[in-house]
Amino acid sequence: MKKSFDVVVIGTGEAGSTTATQCRAAGRNVAIVDSRPYGGTCGLRGCDPKKVLVGAAEIIDRRSRMEGRGVAGDLRIDWPELIRFKATFTDPFPRQQEEGFVKEGVETFHGRARFVDERSIEVGQDVLEGTNLVVATGAWPRKLGIPGEEHLTRSDQFLDLQELPRRIVFVGGGYIAFEFGHIAARAGATVTILQRGDRPLKHFDPDLVARLLVRTHDVGIDVRTGTQVMGVEGAPGNFRVTAATDSGSEVFEVDMVVHAAGRAPEMDDLDLPTAGVEFDRHGVRVDEHLRSVSNPAVYAAGDAANSGGLPETPFAEYEGGLVAENLLNGNQRTANYRGRASVVYSIPALGAVGMTEQEARAEGLSFDVKQADTSSWYSARRVAEPASMFKVLIEKGSGRILGAHLLGPEADEFSNLFALAIRADIRADALRDALFVYPTQASNMASMV
């Protein structure tokens, strides 16, 4: 059956949901499609369920840090019970999402979408024609092209494990490896992270990453850099991971191997060439309005768009709203990623906001760097956190905050405060004058700028 809409959105994650609901609220006739349960990565397979597990791991870690400082007694993670608790968040979510769309008047469809011409997609027995179409299909673990790749456990599968294996190798040294690795270590697993390059978490400040690596080692996680996985063989509970290093070949015998080597836009089966939509390995090629450079009827947002934004939930939601505004108002808005924050939920968390030193120098900016190890500051010492640092970049003359890099307690909340300061152009001296409530993490900002 052929059906016509003003807007057809492919994907029900943060990007697609934001576009669909905003366009529908403005009176547009909207359809939304997903081949998986409604809700996208963040609510079902990423941010939200991950933070449930991180919360439990933080309790274990804090108890360990406070031993001999007034806290005694044993604690442990009951993994099956923790996964059941996590499911109380994820299991109802797809139904809630779809019911929300229906209530708002968005027509919902289930199945794989495939373009059949420049303005239409096929979903099962239906052909959905749109004045505009939005690709917001998110990302999926990228193909590694190694023997035994089929043995690797995806991050969504890790989040559903009913029992945690004793020995785990993570292939890759990005967000997933450090977040899930820190969780697994606090739950009693032996964790190894194999990173092909010379340092992990390459988008974050190298000095803070180096300090996090010390903390990571201290909790028993073995991080190997310059170690490229060449193949995996065996079966669950008895895998052999072969890796190449500068000194030769090494074999790791483990119970589980987790894919943590990056994600790629999930759009292989969309048949984008049929719609005349140009794309590359970073997603649909878009202009400053997030419109396809080759098909003006198509827009893209989130992980599926080659937009310059990071493949993270806040960026997806922001881009989904930007696409909605441009569809409704005739391409008036352009993307602005200045001061956006990014956080790794390791223990402790690692945050980055705005520019790195390298980026600021590349733009020819003149700036001062304020940095310190803050493990002796009250905020870190009272919770016995040994890995606590900051680095803040302040432009000479203007006093603008160019970037902030944070490691330690509540670095995630801290990052949002710095993001607000950067995007609102709050000068360092004005920020110092505005912070009064003590002792809080936010009050530390006065000493950082």
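Relevant structure appears above.
Residues numbered from 1 in each chain as written. Predicted model: local features only at pLDDT ≥ 70, side-chain atom pairs only at ≥ 80, totals over all residues. Heavy atoms only, no water.

Novice: In this structure, what is going on with the overall build of the chain? I would like to understand it.
Specialist: Within the chain one finds 14 helices and 24 strands. Over its C-alpha trace the chain gives a radius of gyration of 23 Å, about what one expects of a compact globule, namely 22 Å for 449 residues. Burial statistics for the chain: of 449 residues in total, 52% are counted as buried. Long-range pairs, those at least 24 residues apart, make up 63% of the contacts in the chain with a sequence separation of at least 6. When the accessible surface of the chain is totalled, it reaches about 20200 Å², and 48% of it is carbon and sulfur. (Helix = DSSP H or I, 4+ residues; strand = E, 2+ residues; numbered from the N terminus. Rg over C-alpha atoms; globule rule 2.2 N^0.38 Å. Buried < 20%, exposed > 50% of the residue type's maximum accessible area, 1.4 Å probe, protein only. Contact = heavy atoms within 4.5 Å. Areas by Shrake-Rupley, 256 points an atom, 1.4 Å probe, with all protein chains shown as cover.)

Novice: Would you mind going over the pattern of salt bridges with me for this structure?
Specialist: Pairing between side chains becomes possible if they bear opposite charge and their charged atoms approach one another. Counted according to the given criterion, the structure contains 34 salt bridges. Among the salt bridges present, the one from glutamate 266 reaches arginine 36, with a minimum N-O distance of 2.8 Å. Of the two residues, glutamate 266 sits in the loop between strand E15 (263-265) and strand E16 (279-280) while arginine 36 sits in the loop between strand E2 (30-34) and helix H2 (40-45), which places them 230 residues apart along the sequence. We note that glutamate 266, like arginine 36, is buried. Among the ionic pairs, glutamate 67 bridges to arginine 63, the shortest N-O distance being 3.4 Å. Taking the relative accessible area as the measure of exposure, glutamate 67 reaches 49% and is therefore partly exposed. Residue arginine 63 is classed as buried on the basis of its relative accessible area, which comes to 14%. Among the ionic contacts, a cluster of salt bridges with common partners joins Asp61, Arg65, Arg186, Arg215 and Glu385. (Salt bridge = Lys/Arg side-chain N within 4 Å of Asp/Glu carboxyl O.)

Novice: Please explain the layout of surface pockets as it appears in this structure.
Specialist: Unfilled space is identified by rolling a water-sized probe across the atoms. Considering only enclosed or pocket space, the second largest pocket measures out at about 590 Å³ in volume. Taken together, 28 residues line the second largest pocket, and the ones lying closest to its centre are Arg340, Gly354, Met355, Thr356 and Glu359. Counting only elements with at least two residues in the lining of the second largest pocket, the list comes to strand E20 (341-344), strand E21 (349-354), helix H10 (357-362) and strand E24 (401-408). Residue composition of the lining of the second largest pocket, grouped by class: 13 nonpolar, 7 polar and 8 charged. (1 Å grid on protein atoms, 1.4 Å probe; cavity = no way out; pocket = protein on both sides within 12 Å on 5 of 7 lines; lining within 4 Å. Points joined across faces, edges and corners; volume = space filled by probe spheres on them. Nonpolar A, V, L, I, M, F, W, Y, C, P; charged D, E, K, R; others polar.)

Novice: Help me understand a positive patch on the surface in this model?
Specialist: On the surface, Arg142, Arg196, Lys202 and Arg281 cluster together into a positively charged patch. Here arginine 142 is to be found in the loop between strand E7 (139-141) and helix H6 (155-158). A residue is classified by how much of its surface remains accessible, and arginine 142, at 32% relative accessible area, is partly exposed. (Patch = residues over 30% accessible without salt bridge, like charges linked within 9 Å, V, L, I, M, F, W, Y side chains within 5 Å. Lys, Arg positive; Asp, Glu negative; His and termini not counted. Charge placed at Lys NZ, Arg CZ, Asp CG, Glu CD.)

Novice: Would you take a moment to explain the nonpolar core for this structure?
Specialist: Among soluble globular proteins, nonpolar side chains are generally buried collectively. Of all hydrophobic cores here, the largest spans 64 residues; its most connected members are Trp79, Phe158, Phe170 and Phe418. Once residues within four sequence positions are removed from consideration, tryptophan 79 is found in contact with Leu53, Phe158, Leu161, Gln162, Glu163, Leu164, Ile183 and Ala187. With 45 residues, the next largest nonpolar core counts Tyr38, Ile121, Val134 and Val323 among its residues. (Core = buried A, V, L, I, M, F, W, Y, C linked by side-chain atoms within 4.5 Å.)

Novice: Help me understand the packing of helix H7 (residues 175-186) against helix H8 (residues 206-218) in this model?
Specialist: Packed helices, taken two at a time, are described by the angle their axes make and the gap between the axes. Between H7 and H8, the shortest axis-to-axis distance is 11 Å and the interhelical angle comes to 25 degrees. With respect to H8, the element H7 is oriented roughly parallel. The interaxial crossing formed by H7 with H8 has left-handed handedness. Packed against H7, whose contacting residues are Phe178, His182 and Arg186, the element H8 presents Leu212, Leu213, Arg215 and Thr216 at the interface. Of the residues that constitute the contact of H7 with H8, the class distribution is 3 nonpolar, 2 polar and 2 charged. (Axes fitted to C-alpha atoms, helices over the stretch in contact; angles between N-to-C directions. Parallel < 35°, antiparallel > 145°, perpendicular 65-115°, else oblique. Left-handed = near helix turned anticlockwise from the far one by under 90°.)

Novice: I keep staring at the sheet that holds strand E17 (residues 283-285) and nothing clicks. Help me out?
Specialist: The pairing of strands in a sheet happens through backbone hydrogen bonds and is either parallel or antiparallel. Read across the sheet, 3 strands follow the order E16-E17-E19 without closing on themselves; strand pairing throughout is mixed. Of all strands in the sheet, those bounded by a partner on one side alone are E16 and strand E19 (305-306). With 2 bridges connecting them, E16 and E17 associate as antiparallel partners. Bridged to phenylalanine 279 within E17 is valine 284. (Pairing = 2+ DSSP bridges.)

Novice: How should I be thinking about unusual backbone geometry in this particular structure?
Specialist: Trans is the common state for peptide bonds, and a negative phi is the common state for residues other than glycine. With omega at 5 degrees, the peptide bond leading from isoleucine 347 into proline 348 counts as cis. Topologically, proline 348 is positioned in the loop between E20 and E21. You will see that glutamate 410, though not glycine, has its phi angle at about 60 degrees, which is positive. Within the secondary structure layout, glutamate 410 lies in the loop between E24 and helix H12 (411-423). By relative accessible area, which is 43% here, glutamate 410 ends up partly exposed.

Novice: Explain the side chain of serine 292 here, please?
Specialist: Looking at the secondary structure, you find serine 292 in the loop between E17 and strand E18 (298-300). Taking relative accessible area as the criterion, serine 292 reaches 4% and is therefore assigned buried. Within the local environment of serine 292, its side chain forms a polar contact with the backbone nitrogen of serine 294, the two atoms lying 3.1 Å apart. Side-chain polar atoms of serine 292 contact the backbone nitrogen of asparagine 295, separated by 3.0 Å. Sequence-distant contacts of serine 292, that is, excluding residues within four places in its chain, are made with Val277, Val284, Arg285, Val286, Val298 and Tyr299. (Polar contact = N/O pair within 3.5 Å; in protein donor to acceptor, adjacent residues only side chain to side chain.)

Novice: What's the story with empty space enclosed by the protein in this structure? I'm lost.
Specialist: All told, the structure shown has 2 cavities of 30 Å³ or more when counted by the stated rule. Taken together, 15 residues form the lining of the largest cavity, with Thr374, Ser388, Leu407, Phe414 and Gln441 sitting closest to its centre. For the lining of the largest cavity, the secondary-structure elements that each account for two or more residues are helix H11 (378-381), E24 and H12. Element by element, the count of residues in the lining of the largest cavity is highest for E24, at 3 residues. Among the residues forming the lining of the largest cavity, the class breakdown is 9 nonpolar, 6 polar and no charged. Computed from the structure, the second largest cavity encloses a volume of approximately 30 Å³.

Novice: Help me out: how do you make sense of the sheet that holds strand E11 (residues 228-235) in this one?
Specialist: The strand order across the open sheet built from 3 strands is E11-E12-E13, with neighbouring strands paired in antiparallel fashion. Among the strands making up the open sheet, the edge pair consists of E11 and strand E13 (248-254). Looking at each pair of strands side by side, their axes are set apart by 20 degrees on average, direction ignored. The pairing of strand E12 (residues 238-245) with E13 spans 7 bridges and is classified as antiparallel. By the bridge assignment, alanine 244 is partnered in E13 with serine 249.

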